[in-house]
Amino acid sequence: MIARFSVVGALLSLMVASLTLPIAAAATPHPPLAYRQLDNPSREAAAQELMETLRCLTCQSQSIADSDAPMAASMRHEVRTRIAAGEDPEAIRNWLIQRYGDYVSYSPQVGAATWPLYAGPIVLLLIAGLLIRHRLGGKR
Amino acid sequence: MIAELGLAALWLAAALALLQLATGVLALRSGTSDTGAILSALVRPVAILQGLLVSFAFLMLMWLFARTDLSVALVAANSHSDKPMIFKLAGTWGNHEGSMLLWITVMALAGGLIGLAERRLPEPTLLATLSAQAFVGLGFYAFLLFSSNPFARLAQPAAEGMGLNPLLQDIGLALHPPTLYFGYVGLSVAFSFAVGALVTRQVGPDFARAMRPWVLGAWIFLTLGITAGSYWAYYELGWGGWWFWDPVENASLMPWLAATALLHSVSVLASRDALRAWTIMLSVVAFSMSMLGTFLVRSGILTSVHAFAVDPERGTFILALLALYVGGALLLFALRVQTVTEGERFAVTSREGALVVNNVLLSAILGIVLLGTLYPILTEALGFRVSVGPPYFNPVGAIFVMPMLAVMAVGPLLRWRRDRLERIQKPAVFLIVMVIPAIILSLMVGYSGILPLLGVGLAAGLAVGSFLPLRGRNLLRVPLNVWGMVISHFGIAVALFGMSSEAAWSVEKLAALNAGDQTQVGPWTVDLTDVRPRAGPNWTAIEGTMLARYGEQDPIKVAPQSRTFWSPVQQTTESALLTRWNGQLYAVMGSQGDDDRWQVRLWWKPFVTFIWYGGILIGLGGLLALIGRLQGDWKRRHTERRIAERAAAA
């Protein structure tokens, strides 16, 4: 129970801190966790997995996990800090989406803006099935 | 003077393209009359001359870059007198205007080669093909001459050039664009053949045999171009990623997917006279994808829809060309498709049947890549931005790729026209049995995700399956093109294994080190022994010297650099790679942290090199098939000539 409370406490203090310190405007060249892995391997793996699906907003088509841009560095720091505090990766993603919009996440959630991305392949699957049937069926 | 000569040659070549189109069309209309004969005799020499002239123009541009003639706007904007010669020359096509000139040069040379060497096609189809080729070419000439003149002079010569983007100053990337352009242009030739065949309504095995070497050639170049581009991104960007689903990468992948489908359907058409309309359709699609790729890369629309809207001239031009050619070809296809009969029929269970399934699946994959690439551009134009990346492409693509690979493993075992599944039961069961130990083995190494696991399993099945078509045959008498298929399919398995292994078992280590410190990554122990500055012709660098030991073996020296170029100012990471048979150690030198320690990034990537070995094998298979096919054609023509001679003598 104590552990849970401390996590919630850390979370709250982080929330407050992050609201007062916008990440994009981070002035220091390298926030500590931008280029340092977390000591806990499973936490680091979770952070890595999340970072690979977040877009570096100042780069062209790179995730924050593979960019030297200052903004990517500060976002890595942010993600590692939050993961280390025990926050759920999807919660971090949602927080970032609220902040920067859908654009920041490489794995688009199914929603009003993105449903065609998922409807498209289903339609393609149907068309592919029909085409194969048309080509191969009906003929001997 | 050189620039003016080049420009004059370019105008002349454009005029010749117009002449080629006009004579070609007129010759087709006047048929077998005397004027028709004279006109059609003109078309081939005009095509050859056009190829020579535009090559001359391209050589002039290369010469300007070699001399760093700063009175030419393009040279001043993209070159620098301090650059090494090889990159000065590569700078010729490392920019918008030069790369478009390269495109039209390769295209005109291809037209010239058809004029010189193509003897299989009936004369009217050849005329229509060369006219279509000239028509496509004219659009590019107009684009160059009216909106992207590479030879434009500056009113005042510049004092010094602006330099070439340092990321592009790399031998891999110097060769990458021409390779891709050869591929794109090869597909434009296939497109011209398709239009020619539609115009004369002669879609059959002869047409397919004439088109096949061009499709194969284009496909080989695209394969190698994508492979090289991926390796470049891997070692140059400094984070160990080898494919980012970046729109620019997708722009090269989409023509490859279409070309792969076309390659297989044109083979069915050549050997079985089936899939006529489908082959024509795929040639149109493949060329459209090349044009779309050019549009995406060249128009600036990728950086931002808004950047495109600010300077829309070039993008609009390419978009107009795209609409004209593709729309025109689709219209012609719609008008003529009824007259193109379906060709020979075949049963569901047959080689043709398997190829149809694969063709449809490849087209669906193409559809997904197309959707994922264009969707963000579309939504941005509508006012909201979304990102589509690996978390979308990988799983959604896999839904189609996995069954395709499965069919690919067994398809070549089936007979043409009609077969029974029972006949291939034994090898199919054998393949499934190969998959199981591979999956168990990779689970023992470590599980990380379902896709890499399935990838390893499929790779094992496919690797064995790719050699099954050789079973029971005398290996010395197996035709080259069958070897080509076997090696290409095996290459897919090799690449797939590399991708899965990299995804599942890469180890990353970010370390802050002082000289003298040690760190571990996977099976490696790495000592940072020394950090010192270095200077090159147009850069300075911080170089870290590291001694890397694999297990208990002797240490090997690696020296990654963090480079700073000064024209233009840009930082790049020169990663150091240590290649073993079972993978690569990837070392990157970062900057100095607040506590004066150096940020060092290390990766151990098991079997990552298999990705590119696979790519090379795929291309090599294509080359063998091409040689085999050309040999076969030559032999066939030789025998035909002998028979004709004997008939004449008798």
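Just so it is clear, the structure is predicted and the values come from calculations on it, not from any experiment.

1. Section: the overall build of chain B
Then comes step 1: Within chain B, the secondary structure is distributed over 18 helices and 10 strands.
Then comes step 2: Its C-alpha atoms give chain B a radius of gyration of 27 Å, within 12% of the compact-globule value 26 Å for 650 residues.
Then comes step 3: Taking the principal axes of its C-alpha atoms as reference, chain B extends roughly 90 × 75 × 55 Å.
Then comes step 4: Across the 650 residues in chain B, those meeting the buried criterion constitute 52%.

2. With respect to the overall build of chain A
Then comes step 1: What chain A contains, in helices and strands, is 5 helices and 0 strands.
Then comes step 2: The secondary structure elements of chain A, listed N-terminal to C-terminal, are α-α-α-α-α.
Then comes step 3: The proportion of buried residues among the 140 residues of chain A is 30%.
Then comes step 4: Within chain A, contacts between residues separated by at least 24 positions form 57% of all contacts whose residues are at least 6 apart in sequence.

3. Structural notes on the interface of chain A and chain B
Then comes step 1: Across the contact, 33 residues belong to chain A and 39 residues belong to chain B.
Then comes step 2: In terms of residue class, the side of chain A that touches chain B is built from 13 nonpolar, 12 polar and 8 charged.

4. Focus on the packing of helix H5 (residues 96-117) of chain B against helix H6 (residues 123-147) of chain B
Residues and elements named next belong to chain B.
Then comes step 1: Two numbers describe how H5 lies on H6: the axes approach to 10 Å, and their chain directions differ by 160°. Overall, the two elements H5 and H6 adopt an arrangement that is roughly antiparallel. Read as a crossing pair, H5 and H6 show a hand that is left-handed. Seen from H5, the contacting residues are Met 100, Leu 101, Trp 103, Ile 104, Met 107, Ala 108, Gly 111, Ile 114 and Gly 115; seen from H6, they are Thr 129, Leu 130, Gln 133, Gly 137, Phe 140, Tyr 141, Phe 143 and Leu 144.

5. Topic: the pairing of strand E6 (residues 561-566) of chain B
Residues in a regular strand project their side chains so that they alternate between the two faces of the sheet.
Residue and element names in this part refer to chain B.
Then comes step 1: In the sheet, strand E4 (residues 539-550) pairs with E6 via 5 bridges, with the strands oriented antiparallel. When the bridges of E6 are listed, Glu 543 appears paired with Gln 561.
Then comes step 2: Examined bridge by bridge, E6 and strand E7 (residues 569-574) share 6 bridges and lie antiparallel to one another. Each residue of the ladder has a partner; that of Arg 563, found in E7, is Thr 572.
Then comes step 3: Here E6 hands over to E7 after 2 residues, the two strands then running antiparallel side by side.

6. Concerning the packing of helix H1 (residues 2-30) of chain B against H6(B)
Residues and elements named next belong to chain B.
Then comes step 1: It is the contact of H1 with H6, at a shortest axis distance of 8 Å, that shows an interaxial angle of 150°. In this view, H1 runs roughly antiparallel relative to H6, as classed from their interaxial angle. Two packed elements cross with a definite hand, and for H1 against H6 that hand is left-handed. Every residue of H6 that contacts H1 at Leu 10, Trp 11, Ala 14, Ala 17, Leu 18, Gln 20, Leu 21, Gly 24, Val 25, Ala 27 and Leu 28 is listed here: Pro 124, Leu 127, Ala 128, Leu 130, Ser 131, Ala 134, Phe 135, Gly 137, Leu 138, Tyr 141, Leu 144 and Leu 145.
Then comes step 2: Residue classes in the contact of H1 with H6 are distributed as 19 nonpolar, 4 polar and no charged.

7. Remarks on helix H14 (residues 390-410) of chain B
Then comes step 1: For H14(B), which comprises 21 residues, the first-to-last C-alpha distance of 29 Å matches the rise-based estimate of 30 Å (1.5 Å per residue) to within 8%.
Then comes step 2: The largest bend along H14(B) reaches roughly 40° and is located at Ala398(B).
Then comes step 3: Three or more residues of H14(B) are buried, namely Tyr392(B), Phe393(B), Val396(B), Phe400(B), Val401(B), Leu405(B), Ala406(B), Met408(B) and Ala409(B).
Then comes step 4: As for H14(B), its buried residues are in contact with helix H5 (115-136) of chain A together with helix H13 (351-382), helix H15 (425-445), helix H16 (450-467) and helix H17 (480-505) of chain B.

8. What about helix H3 (residues 70-84) of chain A?
All names here are of chain A.
Then comes step 1: Under the 1.5 Å per step criterion, the end-to-end length of H3 is 21 Å for 15 residues, consistent within 8% with the ideal 21 Å.
Then comes step 2: Judged by how many residues are buried, H3 sits mostly within the fold: 12 of 15 residues are covered.
Then comes step 3: Buried within H3 are the following residues: Ala 72, Ala 73, Ser 74, Met 75, Arg 76, His 77, Glu 78, Val 79, Arg 80, Thr 81, Arg 82 and Ile 83.
Then comes step 4: Downstream of H3 by one or two residues, Gly 86 has phi in the positive range, about 95°.

9. Here we look at the sheet that holds strand E10 (residues 598-606) of chain B
Residue and element names in this part refer to chain B.
Then comes step 1: Pairing in this open sheet of 4 strands is antiparallel, and the strands run E1-E10-E9-E8 from one edge to the other. Two strands lie at the open edges of the sheet, namely strand E1 (507-513) and strand E8 (576-580), each paired on one side alone. Put simply, the sheet's adjacent strands are angled 15° from each other on average, direction ignored.
Then comes step 2: With 7 bridges connecting them, E1 and E10 associate as antiparallel partners. Opposite Lys 509, over in E10, you have Leu 602 as the bridge partner.

10. Focus on the pairing of E8(B)
All names here are of chain B.
Then comes step 1: Bridging between E8 and strand E9 (residues 583-592) involves 5 bridges; their strand directions are antiparallel. Bridge pairing links Ala 576 to Ala 587 in E9.
Then comes step 2: Between E8 and E9, which follow one another and run antiparallel, lie 2 residues.

11. Focus: the nonpolar core
Then comes step 1: Core analysis: the biggest nonpolar cluster contains 188 residues, and Ala190(B), Val215(B), Ala258(B) and Ala259(B) have the highest contact counts within it.
Then comes step 2: Top element by residues in this core is helix H8 (residues 205-236) of chain B. It accounts for 18 residues.
Then comes step 3: When sequence neighbours within four positions are dropped, the list of residues in contact with Ala259(B) reads Leu187(B), Val215(B), Ala218(B), Trp219(B), Leu222(B) and Ala286(B).
Then comes step 4: Counting 39 residues, the second largest nonpolar core, distinct from the first, contains Ile64(A), Leu96(A), Met546(B) and Trp604(B).

12. Examining the confidence of the model for chain A
Then comes step 1: For chain A, the average pLDDT comes to 75, and 76% of its residues sit at 70 or higher.
Then comes step 2: Predicted confidence for residues 1-28 of chain A stays below pLDDT 50, and this span has 14 contacts to residues more than four positions away or in other chains.

13. As for the confidence of the model for chain B
All names here are of chain B.
Then comes step 1: Of the residues in chain B, 98% have a pLDDT of 70 or more, and the chain-wide mean is 89.
Then comes step 2: Mean pLDDT across the elements of chain B ranges from a minimum in helix H11 (residues 305-310), with 57, to a maximum in H17, with 95.
Then comes step 3: Overall fold confidence (pTM) sits at 0.90, and the ipTM for the predicted complex is 0.74.

Cut-off values and rules
Residues numbered from 1 in each chain as written. Chains lettered and ligands numbered in written order. Predicted model: local features only at pLDDT ≥ 70, side-chain atom pairs only at ≥ 80, totals over all residues. Helix = DSSP H or I, 4+ residues; strand = E, 2+ residues; numbered from the N terminus. Rg over C-alpha atoms; globule rule 2.2 N^0.38 Å. Buried ≥ 20, exposed ≤ 12 C-beta atoms within 10 Å, placed from the backbone. Contact = placed C-beta atoms within 7 Å. Nonpolar A, V, L, I, M, F, W, Y, C, P; charged D, E, K, R; others polar. Axes fitted to C-alpha atoms, helices over the stretch in contact; angles between N-to-C directions. Parallel < 35°, antiparallel > 145°, perpendicular 65-115°, else oblique. Left-handed = near helix turned anticlockwise from the far one by under 90°. Pairing = 2+ DSSP bridges. Expected span 1.5 Å × (residues − 1). Bend = angle between axes of the 7 residues up to and from the residue. Core = buried A, V, L, I, M, F, W, Y, C linked by C-beta atoms within 7 Å. pLDDT = per-residue confidence, 0-100.

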